[in-house]
Amino acid sequence: MSLIGIRDLCWGFGDPPLLENINLQIEKGERVCLVGRNGVGKTSLLKLLSGEILPDSGDIWRQQGITVSVLEQDVPPGYDQAIFDVVAGGFGEKGRTLVEYHRICRKLKTADDGGFSKLTKMQDALRHQLDADNGWALLRQIESILSRTGLDPEKKFADLSAGLKRRTLLARALALEPDLLLLDEPTNHLDIESIIWMEAYFLRNVATLVFVSHDRVFLKKIATRIIELDRGRLVSYDGDYETYLKRRQAGVEAEDRQNGVFDKKLAEEEIWIKQGVKARRTRNEGRVRALKAMREVRRSRRKKIGSARLQVQEADRTGKLVIEAKDVSFSLGKKPIVQDFSTVIMRGDKVGVIGPIGVGKTTLLGILLKEITPDTGRVRHGTHLEIAYFDQLRHQLDTQKTVRENIGEGNDFIIFNGKKRHVISYLQDFLFSPERCRTPIHVLSGGEKNRLMLAKIFAKPANVLVLDEPTNDLDVESLELLEEVLFEYSGTLLIVSHDRAFLNNVVTSTLAFDTQGQVAEYAGGYDDWLLQRPKPEMLPGSEKKVGKKIKAKPKTPKTRKLGYMETQELKDLPQKIDLLEADQKSLYETLSDPNFYKKANAEIVQAKSRLAELEQKIEAAYLRWEELERIAEGASRSIS
């Protein structure tokens, strides 16, 4: 039975409404990704599913007794509590009791004799209340999720980085152990390590979820079904992301052909209706009525959202040297952020910056731009630098002003590549209609705000672009277009991003942080960094102090030969994988056929279960193949 369902739902202002005659069912065990262009109503649909807002018409029904948790797109303001308190606050009255108990426990650590006695009595009263309400099981649940998410329960939420705030809110949603988890852009502001952890956690522990994401790698790994929201309607695609792309393209082509035939017929009828007096005398009234109906159909047809026309306004070229950093170190208090860092960035370099949440990636950008003075070392800039900076928190946008006012800054025209352009004409390149240009910033979706940020920095001449998390909230079409523009850009790029596909497609080198403030430089993008980074035995954790010197812990690799059965297994694995992948391909073809879903529900569920089983077997076979080849290679090296 479905956990939640929507029938003939309409919602939204204007005519037509944002969501029109929506029908949807979410089955237990599904991981559904909701995709679509920015501003089409994906976040609104999640709010309808959670019950935060109500439909204008239609029904939403939920299986009795199910719990639903939500991770919102934006970090809500106003939390001035410890991380533990934020997570526990999601449990209502029981959570508030735990928060109070935890607060008293903290106070007891520093209380004087008089205060200690009073606090102890309050603690005892709360302990009895927790005994009665089974609060200790809830406490263990919260402590478990805090441990698994790597969060310090005592840290203040307000002092956290954007990424750690996001992780705290995810922990709050997960702690409820919901039957249905709703996630709006869950990878925003998370580092790559956290995203990979999230992927593994969801695959192991979360049975049913609906999520909005434009992280293509995350989407491919998690989604078992993809639903596209387009022009107010939902279209469901079973199968993986590649299957969705193929079927969607086929659907777009079929729609274009159908519209072409319709428009041609309408044009012919319009010519007929305009014929002379003789034709009007013999006019078929039924044909006239049919023409009126065709006009109404054409009028009500929703236009597709176009593609943005992103273009960078380039300044005069810089000198060959853009930025040089030599022996740079910087600390916040006792915490080292950057240690003994040196690099040379030349004109045309496209440099990605990656590392854990809160490690100091934005601080490093500030040092390289000379906005932050390092404790030691120096930073030197080349000549004729014109820098445009994209701030991940969008502080450059005035939320009380309209879209137009943020770009025009009091003027109706801007100068773009030496030519005068009207602000509204320029904004239309970024998919803002004239009506939307007059909208205050605070009502825009996250993706629209990001597009506006790009419009703001691209409006000024620049030969050095510094982009701090530019991909957050962008839809896939805009993201791929941004990749193309940045790839063609002849200036210099500095990019902080946790979008693995984006890094692979854009950057030519990568600066990678570790948790100790060390920054190393690698050629290529994210996948290249994975291949080049130090192996675990080469990392600082494998060292031990000897006197005042650091001495690497000696490694004595253990080698062994493959046994007879393992040798035979290694020989048979390629053929086994080929057979499994052939079965997988056949099943994908079956699931991509719309007629298949007319069959009995049990047969459909069985096919999906079989697909999940095949994917697990293929992954296990590849891992086993790598393991056996590693053993064989080690034995071969020891012999030679």
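Here's what I pulled together on the structure shown here. Not measured: the values here are computed from a predicted model.

At a closest axis distance of 13 Å, the pairing of helix α6 (residues 162-175) and helix α7 (residues 192-205) adopts a crossing angle of 10°. As the angle between them shows, α6 and α7 are arranged roughly parallel. Between α6 and α7, the contacting residues are R167, L170 and L174 on the first element and S194, W197, M198, Y201 and F202 on the second. For the contact of α6 with α7, the residue count by class is six nonpolar, one polar and one charged.

A few words on α7. Along an α-helix, a turn takes 3.6 residues, which lines up residues three or four apart on a common side. Between its first and last C-alpha, α7 extends 20 Å over 14 residues, near the 20 Å set by a 1.5 Å rise per residue. Of all the residues in α7, the buried ones are I192, S194, I195, M198, E199, Y201 and F202. In this structure D191 caps α7, since a side-chain oxygen of it lies 3.2 Å from the backbone nitrogen of E193.

On to the sheet that holds strand β17 (residues 464-468). Spatially, β14-β17-β18-β12-β19-β20 is the arrangement adopted by the six strands of the open sheet, whose pairing is mixed. A single partner strand is all that each edge strand has here, and the edge strands are β14 (387-390) and β20 (519-523). If you compare each strand with its neighbour and ignore which way they point, the axes differ by 15° on average. Across five bridges, strand β19 (residues 509-513) lies against β20 in antiparallel orientation. Counterpart to F513 in the pairing with β20 is V519. Each of β14 and β17 is contacted by helix α16 (residues 446-458), which is oriented at about 170° to β14, the strand it contacts most.

A separate point is the pairing of strand β15 (residues 413-416). What you see with β15 is a clean split: I414 and F416 sit on the buried side and F413 and I415 on the side with no burial. The pairing of β15 with strand β16 (residues 419-422) spans four bridges and is antiparallel. Bridge assignment links F416 to a residue of β16, and that residue is K419. Hairpin connection of β15 to β16: two residues between the antiparallel strands, including N417 at a positive phi of 50°.

Reading the values: the criteria
Residues numbered from 1 in each chain as written. Predicted model: local features only at pLDDT ≥ 70, side-chain atom pairs only at ≥ 80, totals over all residues. Heavy atoms only, no water. Axes fitted to C-alpha atoms, helices over the stretch in contact; angles between N-to-C directions. Helix = DSSP H or I, 4+ residues; strand = E, 2+ residues; numbered from the N terminus. Parallel < 35°, antiparallel > 145°, perpendicular 65-115°, else oblique. Contact = heavy atoms within 4.5 Å. Nonpolar A, V, L, I, M, F, W, Y, C, P; charged D, E, K, R; others polar. Expected span 1.5 Å × (residues − 1). Buried < 20%, exposed > 50% of the residue type's maximum accessible area, 1.4 Å probe, protein only. Polar contact = N/O pair within 3.5 Å; in protein donor to acceptor, adjacent residues only side chain to side chain. Pairing = 2+ DSSP bridges.

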